[in-house]
Amino acid sequence: MSKKKKKLKLRVDRVMIAAVVVLALLFGIYKSVSYVGGKILSFLNSTPHSVVEAKTEKKYRATVVLDPGHGGLDVGANSGKLYEKNISLTTVKAIGEALEKENIKPVYTRTTDEALHEDKTTDLNMRAQMSLDHSATYFVSIHVNDFDKSNDVTGFEVYTKDKESETLANTISQQIEKLNYSQNRGLQDGSSLVVLKNNTVPSVLVELGYINGPDYKYLNDEAKLQQIGEAISKGIIELIK
Ligand SMILES: [Zn+2]
């Protein structure tokens, strides 16, 4: 190699080294910028994310399964256009809202005008199963009665299946009684009712009144159903406190 060529080679080497150093520096700067940028971004993102998490992780004191009887094609008892399936849903939503305020989680067997299954027994079993699925403390089913032989029968009834359920039935019926809308027909044996019988927790079924008699007046009144729902929730809360 000639001296000239050597010099040229040396210069090329220097340029190469300088280029590598510059590239390395640029790469280093790029890396640090993206690292810091990433940190800032993840910090910004983490703020709203943890707020959402805190909301979903709300600690409830207990869970109660609320079951509005019937739904869909199964309208239940009716008087004209007043259907049991709608009365039960309105009341259950009022119970649930009142429970939520007391930090008790309501789990609804249905929230829309739909049955859980077209087969009645399967439908009732699916409702009962929800107590186990949600590790519930209580199960409360809401219904409305009718009596085709007379239009004079009035009053609400609470069905129970065992001693533990009776305690709940008592606190609930005492609270409904306070409203003075109708007479208390007392606790009834509900041990053969599928939603109670196949339930794993203390369970009651409330018949709010007789749709064809004088009870029609409050059963057809949404504000009254709201109050009945709140009364039932008080009976539940009393035992959870
Ligand atoms: Zn019913």
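Right above here is the structure, for reference.
The following paragraphs examine the structure supplied in this document. (Residues numbered from 1 in each chain as written. Predicted model: local features only at pLDDT ≥ 70, side-chain atom pairs only at ≥ 80, totals over all residues. Heavy atoms only, no water.)

1. As for helix 2 (residues 84-101)
Helix length check: helix 2, at 18 residues, gives a terminal C-alpha distance of 26 Å against a target of 26 Å (1.5 Å per residue), a fit within 8%. Three or more residues of helix 2 are buried, namely E84, K85, I87, S88, L89, T91, V92, A94, I95, G96, A98 and L99. Two residues or fewer past helix 2, N103 is found with a positive phi of approximately 65°. (Helix = DSSP H or I, 4+ residues; strand = E, 2+ residues; numbered from the N terminus. Expected span 1.5 Å × (residues − 1). Buried < 20%, exposed > 50% of the residue type's maximum accessible area, 1.4 Å probe, protein only.)

2. Observations concerning empty space enclosed by the protein
All chains considered together, the criterion is met by 1 cavity of 30 Å³ or more. Of the pockets and cavities examined, the largest cavity occupies roughly 30 Å³. Of the residues that constitute the lining of the largest cavity, the class distribution is 5 nonpolar, 2 polar and no charged. (1 Å grid on protein atoms, 1.4 Å probe; cavity = no way out; pocket = protein on both sides within 12 Å on 5 of 7 lines; lining within 4 Å. Points joined across faces, edges and corners; volume = space filled by probe spheres on them. Nonpolar A, V, L, I, M, F, W, Y, C, P; charged D, E, K, R; others polar.)

3. Some remarks on the sheet that holds strand 8 (residues 203-210)
The mixed open sheet is built from 6 strands, whose spatial order is 4-1-5-8-6-7. Single-partner strands in this sheet number two, and they are strand 4 (104-108) and strand 7 (184-189). Across the sheet, the axes of successive neighbouring strands diverge by a mean angle of 20°, strand direction being ignored. Judged from the 4 bridges that link them, strand 6 (residues 156-160) and strand 8 form a sheet pairing that is antiparallel. Of the residues in strand 8, the one forming a bridge with E157 is E207. Sheet strands in contact with helix 3 (residues 120-133) are strand 1 (62-68), strand 4 and strand 5 (138-145), and its direction is about 175° off that of strand 1. Along the sheet, helix 7 (residues 222-240) makes contact with strand 1, strand 4, strand 5 and strand 8, crossing strand 5 at roughly 150°. (Pairing = 2+ DSSP bridges. Axes fitted to C-alpha atoms, helices over the stretch in contact; angles between N-to-C directions. Contact = heavy atoms within 4.5 Å.)

4. Some remarks on the pattern of salt bridges
Within this structure, the stated rule accounts for 9 salt bridges. The salt bridge involving R127 is made with D123; its shortest N-O contact spans 2.7 Å. With R127 and D123 both in helix 3, this residue pair falls 4 residues apart, about one helical turn. For the pair shown, R127 and D123 are each scored as buried. Salt bridges linked by common partners bring R61, E102 and K241 together as one network. (Salt bridge = Lys/Arg side-chain N within 4 Å of Asp/Glu carboxyl O.)

5. As for the layout of surface pockets
In this structure, the largest pocket spans a volume of roughly 180 Å³. When residues in the lining of the largest pocket are grouped by element, the largest group, 3 residues, is from helix 3. For the lining of the largest pocket, the per-class residue count stands at 6 nonpolar, 4 polar and 5 charged. Its boundaries defined by the atoms lining it, the second largest pocket holds a volume of some 150 Å³. Lining the second largest pocket, in full, are A98, K101, E102, Q175, K178, L179, Q227, E230, A231, S233, K234 and I237. Elements represented by at least two residues in the lining of the second largest pocket include exactly helix 2, helix 4 (163-179) and helix 7. It is helix 7 that contributes the most residues to the lining of the second largest pocket, 6 residues altogether. Considering only residue class, the lining of the second largest pocket consists of 4 nonpolar, 3 polar and 5 charged.

6. Side note on the coordination of the zinc ion
Those protein atoms acting as donors to the zinc ion are H70 (NE2), E84 (OE) and H143 (ND1), and they sit at 2.0 to 2.1 Å. All donor residues of the zinc ion come from one chain, and their arrangement in sequence is H-x13-E-x58-H. With H70 in the loop between strand 1 and strand 2 (78-79) and E84 in helix 2, this residue pair connects regions lying 14 residues apart in the sequence. (Donors = N, O, S within 2.8 Å, 3.2 Å for Na, K, Ca; no water.)

7. Let's talk about the side chain of S165
You can see S165 is positioned in helix 4. Among the polar contacts made by the side chain of S165, one reaches the main-chain amide nitrogen of S203 at a distance of 3.1 Å. (Polar contact = N/O pair within 3.5 Å; in protein donor to acceptor, adjacent residues only side chain to side chain.)

8. Remarks on the packing of helix 2 against helix 7
Packing of helix 2 against helix 7 brings their axes to within 7 Å, and their N-to-C directions diverge by 50°. The angle between helix 2 and helix 7 places the two elements in the oblique class. Pair helix 2 / helix 7 crosses with right-handed handedness. Between helix 2 and helix 7, the residues in contact are I87, T90, T91, A94, I95, E97, A98 and L99 and E222, L225, Q226, I228, G229, E230, I232, S233, I236 and I237, respectively. Partitioning the contact of helix 2 with helix 7 into residue classes produces 10 nonpolar, 5 polar and 3 charged. (Parallel < 35°, antiparallel > 145°, perpendicular 65-115°, else oblique. Left-handed = near helix turned anticlockwise from the far one by under 90°.)

These values are about where atoms sit, not about what they do.
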